[in-house]
Amino acid sequence: MQSIIVTGGAGYIGSHTIIELLNNTDLNVISVDNFSNSSSAAYEKIKQICSRSFETIELDLCDKQLLEKKLGSLENVVGIIHFAAYKSVPESVADPLLYYHNNNTSLINILEFCKIKGIQNFIFSSSCSVYGNADALPVTEKTPLAKAESPYAHTKQMGEEMIAFFCKANPSFRATLLRYFNPVGAHISGKIGEFPLNRPNNLVPIITQTAVGKNSLVVFGNDYPTRDGSCIRDYIHVSDIADAHVKALQNLIQKKGLEQCQLFNLGTGNGVSVLEAIASFEKVSGTKLKYTIGGRRAGDVVAVYANNTRAKEQLNWVPKYSLDDMMASAWKWQLNIEGSNNS
Ligand code: UD1
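Here the structure is a predicted model, which is why all the values come from computation and not from measurement.

Conventions and cut-offs
- Residues numbered from 1 in each chain as written.
- Predicted model: local features only at pLDDT ≥ 70, side-chain atom pairs only at ≥ 80, totals over all residues.
- Heavy atoms only, no water.
- Axes fitted to C-alpha atoms, helices over the stretch in contact; angles between N-to-C directions.
- Helix = DSSP H or I, 4+ residues; strand = E, 2+ residues; numbered from the N terminus.
- Parallel < 35°, antiparallel > 145°, perpendicular 65-115°, else oblique.
- Left-handed = near helix turned anticlockwise from the far one by under 90°.
- Contact = heavy atoms within 4.5 Å.
- Nonpolar A, V, L, I, M, F, W, Y, C, P; charged D, E, K, R; others polar.
- Buried < 20%, exposed > 50% of the residue type's maximum accessible area, 1.4 Å probe, protein only.
- Polar contact = N/O pair within 3.5 Å; in protein donor to acceptor, adjacent residues only side chain to side chain.
- 1 Å grid on protein atoms, 1.4 Å probe; cavity = no way out; pocket = protein on both sides within 12 Å on 5 of 7 lines; lining within 4 Å.
- Points joined across faces, edges and corners; volume = space filled by probe spheres on them.

1. With respect to the packing of helix 5 (residues 96-117) against helix 6 (residues 151-169)
Consideration 1: Where helix 5 meets helix 6, the closest approach of the two axes is 9 Å, and the angle between their N-to-C directions is 20°. As summarised for this structure, helix 5 and helix 6 are arranged roughly parallel, according to the angle between their axes. Helix 6 is crossed by helix 5, and the crossing has right-handed handedness. Contact residues: P96, Y99, Y100, N103, N104, L107, I108, L111 and K115 in helix 5; P151, Y152, H154, T155, M158, G159, M162, I163 and F166 in helix 6.
Consideration 2: Its residues assigned to classes, the contact of helix 5 with helix 6 comprises 12 nonpolar, five polar and one charged.

Structure, rendered in structure tokens:
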């Protein structure tokens, strides 16, 4: 049986992708995670949702010797989906070297591992943050990359280039770079979602935590040149992102893609302001949110949303969930967490 390694498999997008891999492929799934911003509880949740089992390995990918020791004996690995990385824009602004060290070292180590083992298919978690403040919206994969607004975004730009050069040097290696816009929401079952270990930095978990009185929401800026003054993003349901990974992997394995190193935007194509996201949450939850307006957050771009035509045409991928679905699923997950904490 062929295996797929999922790095960061206990994380937010990784865990949702494992569910889609178990439900929609015959591959043996091997999750690799060091639980730096995740928990093995995610694995228990996957087991509640999927009947098929999967393997787990605890490992920090920055530790090259341990990587070779723990993964070196794996056979029949058809590909790697590489999620493992730090992902907070504000944290990266506060501690740039942490991001350069972790995100780049782990990527170098995993690419070297691919070379040693002859693993030919690779999917990389990139981000719309690589576009910076683009001149024209929506952004297509051909939009020139502007200056990175944060070290996090810069590590994604560097990662993409590293992989592109690695492809050129290794003709049998094929890579797909997926530029996520803003992944939000939780699995439709409400049984699994994001398990941030520390105070989350992302908007949607802060909204749902605020609604249950565990956080306080500040809207970072209402003086941007947008329709209501708040920043605009392209929020996309995490299960739609997970589904795109399965399709991208199948496309890679079947060698359908024309290019050795392919790029896809994964967004809905809809630009949504922070205030509109809050309004959608209030509507689906029936909860009025208390929030304040604060100053701009360092590292934020003003507005970004996707042209997703390429992913639709070449991966046969269509995002299924609306903004209201995203908020409703995030809320269901938050209420599930509250239920387990109270029981
Ligand atoms: C960024 C990346 C995204 C990546 C994500 C990972 C960009 C454009 N996008 O998302 O590709 O997947 O990091 O974490 O860089 N906000 C508030 N109050 C809060 C929190 C957030 O107003 O308490 C606002 C932010 O200013 C922003 C929006 O909500 O306008 C979304 O923020 P967040 O959820 O943190 O994601 P990004 O930083 O946009």
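2. Notes on the side chain of S280
Consideration 1: Along the chain, the position of S280 falls in helix 9 (residues 274-285).
Consideration 2: The class of S280 is buried, set by a relative accessible area of 6%.
Consideration 3: Engagement of the side chain of S280 in a polar contact is seen with the side chain of D324, the distance being 2.8 Å.
Consideration 4: Setting aside its immediate chain neighbours within four residues, S280 contacts L323, D324 and M327.

3. Regarding empty space enclosed by the protein
Over the atoms, a rolling probe the size of a water molecule traces out where space has been left empty.
Consideration 1: Tallied over the full model, the rule gives one cavity of 30 Å³ or more.
Consideration 2: Estimated volume of the largest cavity: approximately 50 Å³.
Consideration 3: Lining of the largest cavity is provided by H82, A84, A85, N103, N104, L107, F124, T155, K156 and G159.
Consideration 4: Taken together, the elements giving at least two residues each to the lining of the largest cavity come down to helix 5 and helix 6.
Consideration 5: The residue inventory of the lining of the largest cavity, partitioned by class, reads four nonpolar, five polar and one charged.

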